[in-house]
Amino acid sequence: MSDTLTKITTAQTRSDRSPNVLILLAIAVALAGFAVPWMGFSRSFLSLLTSACATALLATGVGFLVRQAGLTSFGHAAYFGGSAYLVVLLSVHTGMPGEAIVILAPIVATVAAFGIAFVMLRTEGVAFSMLSLAVAQALYELMMRWRDIANGEDGLAMQLPRELFGTTLSVFQRPGSMFLISWTILVVVIILLTLLSRSNFGTLTIAIKNNEERARFIGYRTLIPRALVIAISGAIAALGGTLFALYNGYVTPGILHWSLSGEAIIIAIIGGTRSLWGPAVGAFVFVILRDVAGDYTTHWQSIVGLVLITVVLLLPEGLSGLISRSLERIWRKTV
Amino acid sequence: MTGTIMLEATGLTRHFGGFCALNNVNLSVRKGEIRGLIGSNGAGKSTCMDVLTGRGRNLQGKIVLDGHDISKLSERERRRAGMARSFQKTNIFPELKIREQVMLAARMAETDNTDEILSELSLDTIADQPGSEVSYGDQRRVDLALALVGKPKVLLLDEPAAGLTIEESLTMARHLKSLSDRHSLTVLIVEHDMEVIFSVCDNLTVLHLGEVLTEGQPEAVRSDPEVVRAYLGSTFA
Amino acid sequence: MGMLIQVLNGLVYGGLLYVVSVGLVLIFGLRRVVNFAHGGFYMLGAYVGFAAGGIFGFWGGLLAAVAALAVIGIALDIVVFRPLQDQDHMVTVLVTFGILLIFEDLIHMVWGPDTISVATPEFLAGVIQIGDTFFPVYRLTVIAVAIAVGLGLTLWLRGSRAGLFVRASSVDPLTTAMQGVDTEKLSMTVVALGTGLAGLSGVIASPLLALSPSMGSTILIESFIVVVIGGLGSFAGAFVAALLIGQVHNLGIVYLPNISSMLPLLLMVAVLIWKPTGFSKGTH
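Bear in mind that the values here come from a model prediction, so they are computed numbers and not experimental data.

### Overview of the overall build of chain C
Phase 1: The number of helices and strands found in chain C is 10 helices and two strands.
Phase 2: When the helices and strands of chain C are read in sequence order from the N terminus, they spell out α-α-α-β-β-α-α-α-α-α-α-α.
Phase 3: The C-alpha radius of gyration of chain C comes to 18 Å, within 12% of the 19 Å expected for a compact globule of 284 residues.
Phase 4: Across the 284 residues of chain C, 52% fall into the buried class.
Phase 5: Taking all contacts inside chain C whose residues are at least 6 apart in sequence as the whole, residues at least 24 apart take part in 76%.

Here it is as structure tokens:
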């Protein structure tokens, strides 16, 4: 593997050297997050942060796949948008209780991800990326054309009952309360991923990513673990999509388009895929900057393109790599 | 040499298109024996190794390991049955720490003797470093450790001394010999390095152009005129 | 007769797809890179051809587009592909993706978001009678151009030394480099040829498909499909695949309009499932 790609995809093995600072910072950030609704932000900014949580989940899913399996998916919008669409479609076309819908949608997306993984794992590298793009885009086209069910380009509004999980639906649609819910889910997901990556399964999947043949020669099945990684990464993206649907109450085919998948990859890389929390950081930075930039320029897309190129070439470990190394340096100076 | 036959291979054959790389090779190794598989370049040694371990396609032949027919098993299943191998080109896991990867291999095998293997191969001092950050010689030993850990029934080593300095090769040979004596391992070792072969092997099988030329104890094979002829030009004698 | 028209229309679209896709194949064969920016190059060719055509006429526009894109191709090879060639291909792919984003934005900035329709060049306007229906001359020209490109490339690949090295490099880049071929100059030429062809395809597509800032992305996906189905790196495969996708695309629109856009995608998925290297006997 080339140096740059290694830096982008290598799981952080040096995390044990200065665990305390990073963990302390992580706990501080997580706790600070819970205080955000009371920090006096404007309603629109708070709403932005709430949306950013869903994007962060999408990016975390994509980044996890890169880190744990060395695969770059250009089709994760399928899980994100697919789950969102499923929530809305089920709410509109069936009489299922809201709780069942919200729980079922990401589960279906995950199972689909697992099933499709076996097909997709017949390819690797760039072919995998292109296949993921095609499969996701096929879903996009399906939703665009199936006007009877999904209303095509105009999109569809969610029709959930007023009560959900013992509280009112509006709790999920107000920035303050929804931010807390989304942030909680994001934090829990990252914690679970961290535990997973330190487990035997985590070690095995890194081994398979490094050297699939050798993993087989020491006695392991390699297909199922890889499919599971794809499924987990899809599940995380699907969670983001569910939150998106709940919060916005509306879906349009744009959330299935490959450009969203591309955006997710860019966010994950800018944030840094070496760590599990990098993509989430990237998401918040991206979403906030995009909003700010909108006031100054119409060329956000060019900026993104330039930043992507810069990060890939000059800063392959992304923002999270920068943060980690800076912390290490500060820690060493104070100790 | 007495003892049960641990590995019995008959009719090992492999074609690459029209070219026959291995032709009807028979091999029989007893428990506790260290068998060297030698031959000039192109003799079919690596192919033999691949056929035995199930690496690749179009492999023919019957392979019996400790009484079990493993001919139809995949590489993964063969490892579970007790056949472990190391590789000519270093084939380890760059991101995992050395202890982590050896433990990973141990988990799939019979017993977890990770610490024992790490210390016997002098890897305990670097056990917490990732595979990509250790020297080539260390990586070769990690490759060996991955195969050795878990007490496999048969150990197939593909040029373990490749790329090592003379000193490193001899050290490795010493490791092998002592490990084998201590655990009475059954080993099949493919090697070019004759120093290693002679310091370690109980018996030799000589391959030439895909077929077995002769077999026997090292000294006898060394002075066999046919073998000398086949090896003309090499640093054999 | 109606069927003949449908098939002809399929050939037109297939021909266009071929000219776009063959550039991708050329670049992949030499540099092992899937050039995401290719859609952007096609689009730039169309817009440059349109803008220059307004001043210099059709041929001037065509020439300007091809020349501009060829120069861009040279720059791309020198600045991006060559320095990054030892790195994993994913790195270069991501960089070309970044370039695509920038191109789309620039075109949007210069020419605006609206669709611009382009008139068929006068000397190619009009229809020709086929049986008892009429078929536009321009569309036949597109088929002719595609065939000409295909023939030209085939002759070049099989007949010239450079072509031989391109084919060899396609199969085994390392050994070819070791033969003492100046692979750097060769790559530069071939990449420029690839991007030039993308520009050409943009120009000839404009009277058919109209200009819009999203035209790049649309054709990009379909050309990926063509290249993958044809077998990454196979020229003959790309030709066959382009014809196939052209027919599927067109017949789909006529007979199965609800799922026509999904058909090429599903076909690509099917091919990748059945034979991960696509149709060709590729080694990758």
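### Details of the sheet that holds strand β10 (residues 211-216) of chain B
Residue and element names in this part refer to chain B.
Phase 1: In spatial order, the strands read β6-β7-β8-β3-β9-β10; together these six strands make up an open sheet with mixed pairing. In the strand order of this sheet, the two ends are held by β6 (83-85) and β10, each with one partner. The sheet shows a mean angle of 20° between the axes of neighbouring strands, direction not considered.
Phase 2: Of the strand pairs in this sheet, strand β7 (residues 154-158) and strand β8 (residues 186-190) are connected by five bridges, and their pairing is parallel. Counted as the bridge partner of Leu 155 is Val 187 from β8.

### Points about helix α2 (residues 38-81) of chain C
It helps to recall that an α-helix has 3.6 residues per turn; residues three or four apart then point in one direction.
Phase 1: Between the first and last C-alpha of α2 of chain C there are merely 14 Å, a value that for 44 residues lags more than 12% behind the 64 Å anticipated at 1.5 Å per step.
Phase 2: Along α2 of chain C, the helix axis deviates most sharply at Phe 56 of chain C, where the bend reaches about 140°.

### With respect to the sheet that holds strand β1 (residues 5-16) of chain B
All names here are of chain B.
Phase 1: Read across the open sheet, the four strands follow the order β2-β1-β4-β5; overall the sheet is antiparallel. Of all the strands in the sheet, just β2 (19-30) and β5 (68-69) have a single pairing partner and so form its edges.
Phase 2: Sheet topology note: the β1/β2 ladder contains eight bridges and is antiparallel. Opposite Ile 5, over in β2, you have Arg 30 as the bridge partner.

### Considering the interface of chain C and chain A
Phase 1: The interface is formed by 34 residues belonging to chain C together with 32 residues belonging to chain A.
Phase 2: Only α3 (89-111), α8 (215-230) and α10 (262-274) of chain C provide two or more residues apiece to the side of chain C that touches chain A.
Phase 3: At 15 residues, the largest contribution of residues to the side of chain C that touches chain A is made by α3 of chain C.
Phase 4: Taken together, the residues of the side of chain C that touches chain A sort by class into 25 nonpolar, five polar and four charged.

### Looking at the pairing of strand β4 (residues 59-65) of chain B
Remark: a regular strand shows side chains that alternate across the two faces of the sheet.
All names here are of chain B.
Phase 1: Where β1 lies against β4, six bridges are found, and the strand directions are antiparallel. Pairing of Thr 13 across the sheet is with Gln 60, part of β4.
Phase 2: Note: β4 against β5, two bridges, orientation antiparallel. Residue Val 64 lies in a different strand from β5, and its bridge partner there is Asp 69.
Phase 3: Here β4 folds back onto β5, and the loop between the two strands holds two residues, one of which, Asp 66, carries a positive phi near 50°.

### As for the arrangement of the chains
Phase 1: Looking at the two pairs of chains with contacts, the pair that accumulates the most is chains A and C.
Phase 2: You won't find any contact between chain B and chain C; their C-alpha atoms come no closer than 15 Å.

### Notes on the interface of chain A and chain B
How big an interface is tends to be reported as the loss of accessible area on association of its parts.
Phase 1: Listed as interface residues are 17 residues of chain A and, on the opposing side, 20 residues of chain B.
Phase 2: Top element by residues in the side of chain A that touches chain B is helix α9 (residues 200-210) of chain A. It accounts for six residues.
Phase 3: Considered class by class, the residues forming the side of chain A that touches chain B number seven nonpolar, seven polar and three charged.

### Section: the domain arrangement of chain B
Residue and element names in this part refer to chain B.
Phase 1: Segmentation of chain B into domains returns domain 1 (1-82 + 154-237) and domain 2 (90-152).
Phase 2: The set of elements that each furnish at least two residues to the side of domain 1 that touches domain 2 consists of β7 and α6 (166-183).
Phase 3: Of all the elements, α6 adds the most residues to the side of domain 1 that touches domain 2, at four residues.
Phase 4: Broken down by class, the residue content of the side of domain 1 that touches domain 2 amounts to five nonpolar, four polar and two charged.

### A short note on unusual backbone geometry
Leaving glycine aside, a negative phi is the common case for residues, and trans is the common case for peptide bonds.
Phase 1: Although it is not a glycine, Lys 151 of chain B sits at a positive phi angle of roughly 50°.
Phase 2: Here Lys 151 of chain B is to be found in the loop between α5 (136-148) and β7.
Phase 3: Unusually for a residue other than glycine, Ala 210 of chain C sits at a positive phi of about 70°.
Phase 4: Structurally, the position occupied by Ala 210 of chain C is in the loop between α7 (183-209) and α8.
Phase 5: Assessed through the 13 C-beta atoms surrounding it within 10 Å, Ala 210 of chain C is described here as partly exposed.

### A few points about the pairing of β8 of chain B
Residues and elements named next belong to chain B.
Phase 1: The element β8 is largely enclosed, with a buried count of five among its five residues.
Phase 2: Where burial is concerned, the two faces of β8 agree: the one with Thr 186, Leu 188 and Val 190 and the one with Val 187 and Ile 189 are both buried.
Phase 3: In this fold, β7 hands off to α6, which returns the chain to β8; that crossover is right-handed.

### Some remarks on α9 of chain A
Phase 1: Burial runs high along α9 of chain A: eight of the 11 residues are buried.
Phase 2: Burial in α9 of chain A covers these residues: Thr 203, Leu 204, Thr 205, Ile 206, Ala 207, Ile 208, Lys 209 and Asn 210 of chain A.
Phase 3: Packing partners of the buried residues in α9 of chain A comprise α3 (43-69), α10 (212-217) and α11 (223-248) of chain A together with α3 (98-107) of chain B.

### Re the environment of Ala 9 of chain B
All names here are of chain B.
Phase 1: Among the structural elements, Ala 9 can be located in strand β1.
Phase 2: A sequence separation of 42 residues divides Ala 9 from Val 51, and the C-alpha atoms of the two residues are 9.9 Å apart.
Phase 3: Once you skip the residues sitting within four places of it in the chain, Ala 9 turns out to touch Asn 26, Leu 27, Leu 52, Gly 61 and Ile 63.

Conventions we followed
Residues numbered from 1 in each chain as written. Chains lettered and ligands numbered in written order. Predicted model: local features only at pLDDT ≥ 70, side-chain atom pairs only at ≥ 80, totals over all residues. Helix = DSSP H or I, 4+ residues; strand = E, 2+ residues; numbered from the N terminus. Rg over C-alpha atoms; globule rule 2.2 N^0.38 Å. Buried ≥ 20, exposed ≤ 12 C-beta atoms within 10 Å, placed from the backbone. Contact = placed C-beta atoms within 7 Å. Pairing = 2+ DSSP bridges. Axes fitted to C-alpha atoms, helices over the stretch in contact; angles between N-to-C directions. Expected span 1.5 Å × (residues − 1). Bend = angle between axes of the 7 residues up to and from the residue. Nonpolar A, V, L, I, M, F, W, Y, C, P; charged D, E, K, R; others polar. Domains from an automatic or database assignment. Right-handed = clockwise from strand over helix to strand, strands pointing away.

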